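If you want the building blocks of each chain, they are given just below.
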Amino acid sequence: MSISLEQVYSHPSVEAFGKALRASLRFDQDFSSLIDLENAESEEQIAEALKKFLRRNYKSRLLPTEQDLKELAKLIDKAGARIVRTALISHALVWDSSWGTKKEAEPEQITE
């Protein structure tokens, strides 16, 4: 069974990772994660890019759950690496006007 880009884009795990990536781009200027993901061509490269993203942003409260990560891995197996990568990047680059300014909407950071 083939999965369409629309189905992948609307998947909750893609939305969760996309929102977290959008926050890291907007608030932390984490362009490295975007570049890592954009250059990923295979399942292994996407896994490595996501691992680096999670490592860089481990303090963010917007991080996806472990269940989201498992669902994303299943989705990559079903739909393919390139389609999932495209959906993740698309979610990350969508403007979310409900976040307002940085002072109003920056996700809280976990402090040690």
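Residues numbered from 1 in each chain as written. Predicted model: local features only at pLDDT ≥ 70, side-chain atom pairs only at ≥ 80, totals over all residues. Heavy atoms only, no water.

A. Expanded view of the pattern of salt bridges. On inspection of all chains with the given rule, the structure shows six salt bridges. Close ionic contact of arginine 85 with glutamate 41 constitutes a salt bridge, the shortest N to O distance being 3.2 Å. Here glutamate 41 lies in the loop between α3 (31-39) and α4 (43-56) and arginine 85 lies in helix α6 (residues 81-93), a separation of 44 residues in the sequence. Taken together, the salt bridges that share partners define one network made up of Glu41, Arg82 and Arg85. (Salt bridge = Lys/Arg side-chain N within 4 Å of Asp/Glu carboxyl O. Helix = DSSP H or I, 4+ residues; strand = E, 2+ residues; numbered from the N terminus.)

B. Main features of the confidence of the model for the protein chain. The predicted model of the protein chain has a mean per-residue pLDDT of 82, with 84% of residues at 70 or higher. Model confidence for the protein chain, summarised as mean pLDDT per element, is weakest for helix α7 (residues 102-105) at 47 and strongest for helix α5 (residues 66-79) at 91. (pLDDT = per-residue confidence, 0-100.)

C. Representation of the environment of lysine 19 within the structure. Looking at where lysine 19 falls in the secondary structure, it is placed in helix α2 (residues 12-28). Classification of lysine 19 by relative accessible area gives partly exposed; the value is 37%. In sequence terms lysine 19 and valine 94 are 75 residues apart; their C-alpha atoms lie 9.0 Å from each other. (Buried < 20%, exposed > 50% of the residue type's maximum accessible area, 1.4 Å probe, protein only.)

D. Representation of the packing of α2 against α4 within the structure. Packing of α2 against α4 leaves a shortest axis separation of 11 Å and a crossing angle of 55°. Considering the angle they form, α2 stands oblique to α4. Along this stretch, α2 crosses α4, giving a crossing that reads as left-handed. Here α2 contributes Phe17, Ala20, Leu21 and Ser24 to the contact with α4, which in turn contributes Leu50, Phe53 and Leu54. Considered class by class, the residues forming the contact of α2 with α4 number six nonpolar, one polar and no charged. (Axes fitted to C-alpha atoms, helices over the stretch in contact; angles between N-to-C directions. Parallel < 35°, antiparallel > 145°, perpendicular 65-115°, else oblique. Left-handed = near helix turned anticlockwise from the far one by under 90°. Contact = heavy atoms within 4.5 Å. Nonpolar A, V, L, I, M, F, W, Y, C, P; charged D, E, K, R; others polar.)

E. Expanded view of the nonpolar core. Of all hydrophobic cores here, the largest spans 24 residues; its most connected members are Val8, Val14, Leu37, Ile46, Leu72, Val84 and Leu88. Of all elements in the fold, only α2, α3, α4, α5 and α6 reach the threshold of two or more residues within this core. Sorting elements by how many residues they give to this core places α6 first, with six residues. With near-sequence residues (within four places) excluded, leucine 88 lies in contact with Val14, Phe17, Gly18, Leu21, Leu37, Leu50 and Leu72. (Core = buried A, V, L, I, M, F, W, Y, C linked by side-chain atoms within 4.5 Å.)

F. Geometry of α6. Compared with an ideal rise of 1.5 Å per residue, which puts 13 residues at 18 Å, α6 spans 18 Å between its outermost C-alpha atoms and is within 8% of the ideal. Of the positions making up α6, those classed as buried are Ala81, Val84, Arg85, Ala87, Leu88, Ile89, His91 and Ala92. On its buried side, α6 packs onto α1 (5-9), α2, α3, α4 and α5. (Expected span 1.5 Å × (residues − 1).)

G. Geometry of α3. The complete set of buried residues in α3 reads Ser33, Leu34 and Leu37. Around the axis of α3, the buried residues are gathered within 100° of arc, so they sit on the same side. Taken together, the buried residues of α3 touch α2, α4 and α6. (Arc of directions from axis to C-beta.)

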